[in-house]
Amino acid sequence: MADVIEVEELRRTYAGGFEAVCGISFSVAPGELFALLGTNGAGKTSTVELLEGLAAPSAGTVRVLGHDPYTERASVRPRTGVMLQEGGFPSELTVAETARMWAGCTTGARPVGEALELVGLTRRADVRVKQLSGGEKRRLDLALALLARPEVLFLDEPTTGLDAEGRHDTWELVRDLRDSGTTVLLTTHYLEEAEALAERLAILHEGRIAAAGRVDEVVAAQPSHISFELPDGYHLGDLPPLARLGVSSHECEGRTVRLKTTELQHAATGLLLWARDSRVELRGLDVRSASLEEAFLHIAREQESSR
């Protein structure tokens, strides 16, 4: 099937000549969850607004479900759901009244009760919007985005203000939507969220794509970590040659040794075999792969240093 979202050499320039989006290209396949990441001012919101059809690009092309979302808005909008960073709801309406008002403007809207149940707001249906917590308002934002049973769902910082339980409930709902065939484009500052949900991602920096690909590929480009305490009576030189273990760098702080490697299994196996043969215990042993957060921070620093 053709890609649901297609972006080619997209640019967005604001009055005064500031170019927020500088010729980026990416695509999102049917039923895929794609994350668009970046620091503040990287161009995420400017890009998403073009995908949602809220503005026309300065150059390049955008296609959503095969249509230009700005010039062919009538063909795109009924098939998409949009969760903005802030909903701006009338404060005096109740949750149910707000949802009914929105449903009245939505073609083929699902029942209001069903939408509220999806996001866990059934018991708050008769509460005025102004009395909701910040997390509950985000749940209401999501409920309205789901009213149209969208084929494409744009989620802009969907879990801001949610507690840990609410965040994980939202993750499960988004996974269910993806598994049922909904294509999702996610922007988030929670890198754990992107790592948990996305299949592919693009990291923006100053309006350009600094890295893109499958999440595991982006993460795998960063070194893994091994740390432990040296056994009593042993020194760093007593370990197997670090280069032979595939260790790229190391540091010592007191008795604690920290190793970095791109060959985690090989390095960990060699170290554990040495400890077994030497009949010693590696206290405080911690073996872990790199995280998306580490990859993100490395890419951001790399981009800054190249300026």
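Residues numbered from 1 in each chain as written. Predicted model: local features only at pLDDT ≥ 70, side-chain atom pairs only at ≥ 80, totals over all residues. Heavy atoms only, no water.

J.: Sorry, what's going on with the sheet that holds strand E2 (residues 19–28) here?
T.: Either a parallel or an antiparallel arrangement is found when strands of a sheet pair, and the pairing is made through backbone hydrogen bonds. As summarised here, the arrangement of the three strands in space is E2-E1-E4, forming an open sheet in which the pairing is antiparallel. Only two strands of the sheet have a single neighbouring strand rather than two, namely E2 and strand E4 (59–64). Each neighbouring strand pair of the sheet contributes to a mean axis angle of 20°, computed without reference to strand direction. Note: strand E1 (residues 5–13) against E2, seven bridges, orientation antiparallel. For Leu 10, the partnering residue across the bridge sits in E2 and is Ile 24. Sheet strands in contact with helix H1 (residues 44–51) are E1, E2 and E4, and its direction is about 120° off that of E1. (Pairing = 2+ DSSP bridges. Helix = DSSP H or I, 4+ residues; strand = E, 2+ residues; numbered from the N terminus. Axes fitted to C-alpha atoms, helices over the stretch in contact; angles between N-to-C directions. Contact = heavy atoms within 4.5 Å.)

J.: Is there a simple way to think about the packing of aromatic side chains in this case?
T.: A ring pair, where both rings are aromatic, is described by two values, the distance of the centres and the angle of the planes. Going through the model one piece at a time under the given rule, you end up with two aromatic pairs. Measuring from ring centre to ring centre gives 5.1 Å for Phe 26 and Phe 34, while their planes differ by 5°; the resulting arrangement is stacked. Like Phe 26, the residue Phe 34 is buried in the burial classification. On the numbers, 5.6 Å between centres and 85° between planes, the contact of Tyr 234 with Trp 274 is edge-to-face. You can see Tyr 234 sitting in the loop between strand E10 (224–229) and strand E11 (247–253) and its partner Trp 274 sitting in helix H9 (residues 264–278), a full 40 residues away along the chain. Relative accessible area serves as the criterion here: at 24%, Tyr 234 is assigned to the partly exposed category. The exposure class assigned to Trp 274 is buried, which follows from its relative accessible area of 13%. When the ring centre of Tyr 190 is taken as reference, the NZ or CZ atom of Arg 167 above it lies at 4.1 Å. (Phe/Tyr/Trp six-rings, centres within 6.5 Å; stacked < 30°, edge-to-face > 60°. Buried < 20%, exposed > 50% of the residue type's maximum accessible area, 1.4 Å probe, protein only. Lys NZ or Arg CZ within 6 Å of the ring centre and 35° of its normal.)

J.: Hey, could you run me through H9 in this one?
T.: Structurally, the α-helix is built with 3.6 residues per turn, so residues lying three or four positions apart point the same way. The end-to-end C-alpha distance of H9, which contains 15 residues, comes to 21 Å, matching closely the 21 Å that a straight helix rising 1.5 Å per residue would cover. Every buried residue of H9 is listed here: Leu 264, Ala 267, Ala 268, Gly 270, Leu 271, Trp 274 and Ala 275. Seen along its axis, H9 keeps its buried residues to an arc of 165°; they face one direction. Opposite its buried face, H9 presents the exposed residues Gln 265, Arg 276 and Asp 277, each directed more than 90 degrees away. Lining the buried residues of H9 we find E10, strand E12 (256–261) and strand E13 (286–288). Backbone geometry just after H9 places Arg 279 at a positive phi near 60°. (Expected span 1.5 Å × (residues − 1). Arc of directions from axis to C-beta.)

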